[in-house]
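Observations on the model geometry
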Amino acid sequence: MLLVVDFSDLNLEFDRTDIRLDSSADFTVGKLINKLCDGIEEIGGISIPNKTMLDLLNPKRNRLDATRKVKDLSLNDWDTIYIARRA
């Protein structure tokens, strides 16, 4: 599946990217957040502080459980997911 990842809440120079995920991805939302942050840091040449205080939000901006498997999420091609700082 193709997804848009919006990380405008992080106040970086750029604020979104597209990613392709296998719909049978057998890893957790928490691991996805870590991998997305690693990619953002590598591409942007920046460091994201307090990564443990980030959440992944679904298209309706509801928090996704970090222990949930990515393959169990109800997402469609070109849905937007959000990386946001925990309030």
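The notes below deal with the structure included here. (Residues numbered from 1 in each chain as written. Predicted model: local features only at pLDDT ≥ 70, side-chain atom pairs only at ≥ 80, totals over all residues. Heavy atoms only, no water.)

1. Some details on the nonpolar core
Here is the rule we go by: Nonpolar cores were defined as sets of buried Ala, Val, Leu, Ile, Met, Phe, Trp, Tyr and Cys residues, with membership established by side-chain atoms within 4.5 Å. Note on exposure labels: buried denotes an accessible area under 20% of the residue type's maximum, exposed denotes more than 50%, and partly exposed covers the range between, all computed with a 1.4 Å probe on protein chains only. Numbering of helices and strands runs from the N terminus; a helix is a DSSP stretch of H or I covering at least four residues, while a strand is a stretch of E covering at least two. A contact between two residues is defined here by any heavy atoms of the two lying within 4.5 Å.
Within the largest apolar cluster, 23 residues are counted, with the highest numbers of intra-cluster contacts made by Leu3, Val5, Leu21, Leu36, Leu54, Leu56 and Ile83. Where this core is concerned, the elements lending two or more residues are β1 (2-6), α1 (29-44), β3 (54-57) and β4 (79-85). Of the residues forming this core, the biggest block, 6 residues, is contributed by α1. If sequence neighbours within four positions are ignored, Ile83 has contacts with Val5, Asp6, Phe7, Asp9, Leu10, Leu36, Ile40, Leu54, Asp55 and Leu56.

2. What about the sheet that holds β3?
Put simply, the rule is: DSSP calls a pair of strands paired once it identifies at least 2 bridges connecting them. Angular values range over 0 to 180 degrees, each being the angle between N-to-C directions of two axes fitted as lines to C-alpha atoms, with helices fitted over their stretch in contact.
Read from one edge of the open sheet, 4 strands run β2-β1-β4-β3, paired in mixed fashion. Looking along the sheet, the strands with just one partner apiece sit at the ends: β2 (16-20) and β3. For this sheet, the mean angle separating the axes of adjacent strands, direction not counted, is 25°. Two strands pair when backbone bridges link them, and β1 and β2 are joined in this way by 5 bridges, in the antiparallel orientation. Note that in β2 the partner of Val4 across the bridge is Asp18. Where α1 meets the sheet, it contacts β1, β2, β3 and β4, and its direction lies at approximately 110° from that of β3.

These values are about where atoms sit, not about what they do.
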